Number of protein chains: 2
Amino acid sequence: MLSAGLPQGAVPRLERPGPLRDRVYEALLELITTRALQPGQHLVESELAGHLGVSRQPVREALQRLNTEGWVDLRPAQGAFVHEPTEEEADQLLTVRTLLEAEAARLAAGNADSAGIEVLEAILAEGLNAVDADDVDTAVALNARFHAKIMDLAGNAVLAELAAQVDRRVRWYYTPVARQRGEQSWVEHREMIAAIAAHDEQLATRLMREHTEHTRRSYHARSKS
Amino acid sequence: MLSAGLPQGAVPRLERPGPLRDRVYEALLELITTRALQPGQHLVESELAGHLGVSRQPVREALQRLNTEGWVDLRPAQGAFVHEPTEEEADQLLTVRTLLEAEAARLAAGNADSAGIEVLEAILAEGLNAVDADDVDTAVALNARFHAKIMDLAGNAVLAELAAQVDRRVRWYYTPVARQRGEQSWVEHREMIAAIAAHDEQLATRLMREHTEHTRRSYHARSKS
DNA sequence: TGATTGTCTTTCGTCTACAGTCTACGGCGC
DNA sequence: GCGCCGTAGACTGTAGACGAAAGACAATCA
């Protein structure tokens, strides 16, 4: 028996580079979300290819994918341009996010077991620590993990995939704004955990809806300044 | 002035072939949804390319897009395989569809003007005719148009795009089943128009939820036979 | 002076070719 | 006879090259 002769996870599955297109995709997504590539900017394939040290082909495939996910606009015979978010679109995205997250909360309240609750509480504790320490980046990351875990508990893969897409784009628009709404957010998270633990679907839905609506309002409040 | 010297719509904007990848995409989607390519089947790039009379490149890009939209699974270094739908996934898709459509109905009830209502009623009339004439294909197409119009009236482009994706996949799973649930569906549509015309958001939401839940149940009832 | 047209550059869209990897099959040893 | 290894085939992943369309700019003519 092979497994007996090896320590548990000693075989790291031989880190293979993986398809280039995926790495290019991730690299570009990183560049876009960090605003290194600004909205409206023209992305020249050969430039990107040269810059990343690959040929144009993987770049094209990555751009294709970014296009279908709404990150770039692919104008025929003209090239790729970083998508320019509008106020209206941001609002629509936040609306859809509210919808998806609220449903996830409802399903999670129906499905969650004690193990899941414990994970949520662990994230909550870390989140509160991060806020206390003014570690904004960690707090933001933990916020994402919190919502992702609720998605996980909801047990609907299709819903999770849609929400993940929407969420990343929301965060793109929203990140410059989110840095302020720290502590209040985690207080709301705490209530939500209680509702889920109590299997109170209605309450969990309502709390999540209010929670995401808060972020929506704070987005609008900010954008007017 | 140029426009004066030419009849109104005499310039058909020179129907350009459009990017090959898009046409390949549509061709493949057609082949998949019509079951000409069966779930699980291995799609060989060079074969498809030869069959469609293009090179591998556009085929690859089309497969990329189909992959991100969930139609094919792209296994690294192995190729593309038509996605195999599972019972669980179909159920999740139908759940999400219910969610999205219900929200659309709510928004439509808030936004709809008399022009929109008229369009809905026109589609309804055509739909009832098609059902009377046992023209199932037309009825199915009109059903799609009905839901699309409600999406349109909802005025949320993000929601519409997500729903369109989900809807096509739902229809893929569901089409073999849907051929029976003809008349009842249009009766429900009629009630929904009334609710939207009355700007009754709650009722419209509830009706749409029940409506899509009906199709979900009929899917399950069928799948057990 | 203004519009129009011709040319030129840039960039995309597509094709062909080559290298890497996975799968299947046949031979070899036990 | 059974299992392992090596080899061959097929397919994907990537690179490089060519043709074509779109936009910019300057020259020409009314």
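Just so it is clear, the structure is predicted and the values come from calculations on it, not from any experiment. (Residues numbered from 1 in each chain as written. Chains lettered and ligands numbered in written order. Predicted model: local features only at pLDDT ≥ 70, side-chain atom pairs only at ≥ 80, totals over all residues.)

A. The arrangement of the protein's contact with DNA strand D in detail. Around DNA strand D, 16 residues are found, and the nearest of them are Leu20, Val54 and Ser55 of chain A together with Glu45 and Gly79 of chain B. Looking at the surface near DNA strand D, the elements with two or more residues in it are helix H1 (20-33) and helix H3 (56-68) of chain A together with helix H2 (45-52) of chain B. For the surface near DNA strand D, the class distribution of residues is eight nonpolar, six polar and two charged. (Near = placed C-beta within 6 Å. Helix = DSSP H or I, 4+ residues; strand = E, 2+ residues; numbered from the N terminus. Nonpolar A, V, L, I, M, F, W, Y, C, P; charged D, E, K, R; others polar.)

B. Layout of the relation of the copies chain A and chain B. Mapping chain A onto chain B calls for a rotation angle of 180° and an axial translation of 0.0 Å; the resulting RMSD is 0.1 Å. Each copy turns onto its partner about a two-fold axis. A shared interface surface links the copies, since 100% of the contact residues of chain A are contact residues in chain B too. (Least-squares fit on C-alpha atoms with pLDDT ≥ 70 in both. Contact = placed C-beta atoms within 7 Å.)

C. Representation of the pairing of strand S2 (residues 72-75) of chain A. Residue and element names in this part refer to chain A. Across four bridges, S2 lies against strand S3 (residues 79-82) in antiparallel orientation. Of the residues in S3, the one forming a bridge with Asp73 is Phe81. Linkage of S2 to S3, two consecutive antiparallel strands, is achieved through a turn of three residues, within which Ala77 is found at a positive phi near 60°. (Pairing = 2+ DSSP bridges.)

D. Just the interface of chain A and chain B, in detail. On the chain B side, the residues contacting the 21 residues of chain A number 21 residues. Every element with two or more residues in the side of chain A that touches chain B is listed here: H3, helix H4 (87-111) and helix H7 (157-178) of chain A. Of all the elements, H4 of chain A adds the most residues to the side of chain A that touches chain B, at seven residues. Tallied by class, the residues present in the side of chain A that touches chain B amount to nine nonpolar, six polar and six charged.

E. A look at the packing of H4 of chain A against helix H6 (residues 136-154) of chain A. All names here are of chain A. One way to put it is that H4 packs onto H6 with a least axis distance of 7 Å and a crossing angle of 55°. Of the possible angle classes, the one that applies to H4 and H6 is oblique. Between H4 and H6 lies a crossing of left-handed hand. When H4 is examined against H6, the residues Glu101, Ala104, Ala105, Leu107, Ala108 and Asn111 are found in contact with a partner set consisting of His147, Ile150, Met151, Leu153 and Ala154. (Axes fitted to C-alpha atoms, helices over the stretch in contact; angles between N-to-C directions. Parallel < 35°, antiparallel > 145°, perpendicular 65-115°, else oblique. Left-handed = near helix turned anticlockwise from the far one by under 90°.)

F. Highlighting the protein's contact with DNA strand C. The immediate surroundings of DNA strand C are formed by 18 residues, with Glu45 and Gly79 of chain A together with Leu20, Ser55 and Gln57 of chain B found nearest. Where the surface near DNA strand C is concerned, the elements lending two or more residues are helix H2 (45-52) and S3 of chain A together with helix H1 (20-33) and helix H3 (56-68) of chain B. The element best represented in the surface near DNA strand C is H3 of chain B, accounting for three residues. In terms of residue class, the surface near DNA strand C is made up of nine nonpolar, six polar and three charged.

G. Spatial organisation of the nonpolar core. Among the nonpolar cores identified, the biggest contains 82 residues, and Ala104 and Ala108 of chain A together with Ala104, Ala105 and Ala108 of chain B are the most heavily contacted of them. Once residues within four sequence positions are removed from consideration, Ala104 of chain B is found in contact with Ile150, Met151, Ala154, Leu159 and Ala163 of chain B. (Core = buried A, V, L, I, M, F, W, Y, C linked by C-beta atoms within 7 Å. Buried ≥ 20, exposed ≤ 12 C-beta atoms within 10 Å, placed from the backbone.)

H. Quick peek at the domain arrangement of chain A. Split into domains, chain A comes out as domain 1 (20-82) and domain 2 (87-223). With centres defined by C-alpha atoms, the gap from domain 1 of chain A to domain 2 of chain A works out at 29 Å. (Domains from an automatic or database assignment.)

I. Up close: the sheet that holds strand S3 (residues 79-82) of chain B. Residue and element names in this part refer to chain B. Strand order in this open sheet of three strands is S1-S3-S2, and the pairing throughout is antiparallel. Edge positions in the sheet fall to strand S1 (42-43) and strand S2 (72-75), since each has one partner strand and no second. Where S1 meets S3, two bridges bridge the pair, whose relative direction is antiparallel. Bridged to Leu43 within S3 is Ala80. Sheet strands in contact with H3 are S1, S2 and S3, and its direction is about 110° off that of S2.

J. The confidence of the model for chain A, seen in detail. Residue and element names in this part refer to chain A. With 88% of its residues at a pLDDT of 70 or more, chain A shows a mean pLDDT of 86. Within chain A, the lowest mean pLDDT, 86, falls on H7, and the highest, 95, falls on H4. For the stretch residues 1-16, pLDDT sits under 50, and the model shows one contact to residues farther than four places along the chain or on other chains. (pLDDT = per-residue confidence, 0-100.)

K. Up close: the environment of Arg106 of chain B. Residue and element names in this part refer to chain B. Relative to the helices and strands, Arg106 is located in helix H4 (residues 87-111). Residue class for Arg106 comes out buried when judged on the 22 C-beta atoms lying within 10 Å of it. Sequence separation of Arg106 and Leu20 is 86 residues, and the distance between their C-alpha atoms is 39 Å. When residues no more than four places from it in sequence are discounted, the contact partners of Arg106 are Glu201, Ala204 and Thr205.

L. Structural context of the environment of Leu43 of chain A. All names here are of chain A. Positionally, Leu43 belongs in strand S1 (residues 42-43). When the C-alpha atoms of Leu43 and Trp172 are compared, they prove to be 18 Å apart, with 129 residues separating the residues in sequence. In this structure Leu43 touches Leu37, Leu48, Leu63, Val72, Gly79, Ala80, Phe81 and Val82, once residues within four positions along its chain are discounted.

M. Broad picture of the sheet that holds S1 of chain A. All names here are of chain A. Ordered by their spatial adjacency, three strands build an open sheet running S1-S3-S2, and the pairing between neighbours is antiparallel. Either end of the sheet is taken by a strand with one partner, and the two such strands are S1 and S2. The strands touched by H3 within the sheet are S1, S2 and S3, with S2 carrying the most contacts at an inclination of about 110°.

N. Region of the structure containing unusual backbone geometry. All names here are of chain B. For Ala77, which is not a glycine, the phi torsion comes out positive at approximately 60°. For Ala77, the location among the structural elements is in the loop between S2 and S3. Positive phi, close to 55°, is recorded for Asp134, a residue that is not glycine. In this fold, Asp134 is placed in the loop between helix H5 (114-132) and helix H6 (136-154).

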